Amino acid sequence: MPAGPAPVSEVAVAARDVPPRTQPSLYPPPFAARVTGRIKRALGDVFGLSRFGVNLTELAPGAVSSLRHGHSHQDEFVYILQGHPVLRTDAGDTPLAPGMCAGFAAGSGDAHQLVNPTAETVVYLEIGDRTPGDTVHYPDDDLRAVRVDGRWVFTHKDGRPY
């Protein structure tokens, strides 16, 4: 497969051949460094999908999927392909294994993240819609995100920009 994203005319690709995102994190400093060890391949973008995203995501040992967060308008779903991550939610930690999945309903208020506490790489699919007007709360951090014109805008919880 040639370097760069496959043309939209593709009907099928090998997921691991899709290049990783060139910008590893959209978080502002100092938060971006906290997701070091995470690699995302934007599979849905290869096909021009605009209403939902699909990522093939890898977490190196010790890495996390994101800051613990919850969406106001976006449903999210993860399916574990390889490894044994821990799902961290408001209810506590839940060990996951290949073949397991988890879903996060929009507006539930339950913040979540995956953590890889093991010595092996974790690989999973993450799927989420791209509903306009979505906001994201981060209960453990002074951070808020709002989806504006298809892009994430990050501010402090009090609205000051980063």
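Refer to the structure above for everything that follows.
Below or above, wherever it landed, is the structure these notes cover. (Residues numbered from 1 in each chain as written. Predicted model: local features only at pLDDT ≥ 70, side-chain atom pairs only at ≥ 80, totals over all residues. Heavy atoms only, no water.)

1. Things to note about the environment of L49
Relative to the assigned elements, L49 resides in the loop between α1 (43–46) and β2 (52–59). On the basis of relative accessible area, L49 is assigned to the partly exposed category, the value being 32%. Those residues in contact with L49 that sit more than four places away from it in its chain are G44 and R130. (Helix = DSSP H or I, 4+ residues; strand = E, 2+ residues; numbered from the N terminus. Buried < 20%, exposed > 50% of the residue type's maximum accessible area, 1.4 Å probe, protein only. Contact = heavy atoms within 4.5 Å.)

2. What about the packing of aromatic side chains?
Tallied over the full model, the rule gives three aromatic pairs. Between the aromatic rings of Y27 and Y138, the centroid separation amounts to 5.9 Å while the plane-to-plane angle is 80°, which identifies the pairing as edge-to-face. Placement of the pair is Y27 in the segment before β1 (38–42) and Y138 in the loop between β10 (135–137) and β11 (144–148), with a sequence separation of 111 residues. In this structure, Y27 and Y138 share a single accessibility class: buried. Residues F31 and Y162 carry aromatic rings whose centres are separated by 5.7 Å and whose planes lie at 85° to one another, so their mutual orientation is edge-to-face. Of this pair, F31 sits in the segment before β1 while Y162 sits in the segment after β12 (151–155), placing them 131 residues apart in sequence. Classification of F31 by relative accessible area gives buried; the value is 7%. (Phe/Tyr/Trp six-rings, centres within 6.5 Å; stacked < 30°, edge-to-face > 60°.)

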